[in-house]
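Descriptive structure summary
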Amino acid sequence: EADIYQTPRYLVIGTGKKITLECSQTMGHDKMYWYQQDPGMELHLIHYSYGVNSTEKGDLSSESTVSRIRTEHFPLTLESARPSHTSQYLCASSDSGQRANYGYTFGSGTRLTVV
Amino acid sequence: SQKIEQNSEALNIQEGKTATLTCNYTNYSPAYLQWYRQDPGRGPVFLLLIRENEKEKRKERLKVTFDTTLKQSLFHITASQPADSATYLCALQRDSSASKIIFGSGTRLSIRP
């Protein structure tokens, strides 16, 4: 019943390549987020957006960039992938107003491996 | 700095028993506390939200308590089933307008038949 979609599910790529992780949601949520999570560790916020043309860096320093040209789409780009970028990347969205208290909806994630 | 502590060791429970998970936090005053379930290789799934002025909240076999004096939340699963086996994450939200929430690292729960 997922209404937020991430592609690709898995990605193995060489060092120095440019990659874009896709995230789309069909719920009309105005807020979207990117988290990074290593196995057994907490989620770290790397980017967020409160609406179209609004993007902010999160609490964890990241070499990635994001864009929010459409409400439903929030892609994350790495200009030059490095082995240190190997991780699980999770996209999430949330509503505002009275429906803000229904938590975040997460995608299934992209497992990125940089070799 | 803000910190969330959850049982770092896995919790193993016999099927049918009540599982209780703990979330403690420091240097934070959340207005809302959320619990999520995460299965291996998947994104977290929202379960419950409790407000600072609520002591307890229930949803089917789940019960959450929130003690702002102790800075602690307890998450209970009654009549546990093997399908409840997963990692459970605690998350804090400062207020209704603060969309950013911070997550704990989670507690892995295993229910044995």
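Just above sits the structure.
A short tour of the structure in this document, coming up.

**Re the overall build of chain A**
A tally of helices and strands in chain A yields zero helices and eleven strands. Starting at the N terminus, the α and β elements of chain A follow one another as β-β-β-β-β-β-β-β-β-β-β. Relative to a compact globule of 115 residues, whose C-alpha radius of gyration would be 13 Å, chain A shows 14 Å and is just as compact. In terms of overall dimensions, chain A has a C-alpha envelope of 45 × 30 × 25 Å along the principal axes. Expressed as a percentage of the 115 residues in chain A, the buried residues total 48%. Taking all contacts inside chain A whose residues are at least 6 apart in sequence as the whole, residues at least 24 apart take part in 54%. Of the roughly 5600 Å² of accessible surface on chain A, a fraction of 51% belongs to carbon and sulfur atoms. Computing the positive centroid from 10 side-chain charges and the negative centroid from 12, chain A places the two 6 Å apart.

**Thoughts on the sheet that holds strand β8 (residues 76-78) of chain A**
Residues and elements named next belong to chain A. Ordered in space as β1-β3-β8-β7, the four strands form an open sheet in which the pairing is antiparallel. Each having just a single partner strand, β1 (4-7) and β7 (65-66) make up the two edges of the open sheet. Of the pairings in the sheet, the one linking β7 to β8 comprises two bridges and is antiparallel in character. In the sheet register, Thr65 faces β8, and the bridge partner there is Thr77.

Criteria and thresholds
Residues numbered from 1 in each chain as written. Chains lettered and ligands numbered in written order. Predicted model: local features only at pLDDT ≥ 70, side-chain atom pairs only at ≥ 80, totals over all residues. Heavy atoms only, no water. Helix = DSSP H or I, 4+ residues; strand = E, 2+ residues; numbered from the N terminus. Rg over C-alpha atoms; globule rule 2.2 N^0.38 Å. Buried < 20%, exposed > 50% of the residue type's maximum accessible area, 1.4 Å probe, protein only. Contact = heavy atoms within 4.5 Å. Areas by Shrake-Rupley, 256 points an atom, 1.4 Å probe, with all protein chains shown as cover. Lys, Arg positive; Asp, Glu negative; His and termini not counted. Charge placed at Lys NZ, Arg CZ, Asp CG, Glu CD. Pairing = 2+ DSSP bridges.

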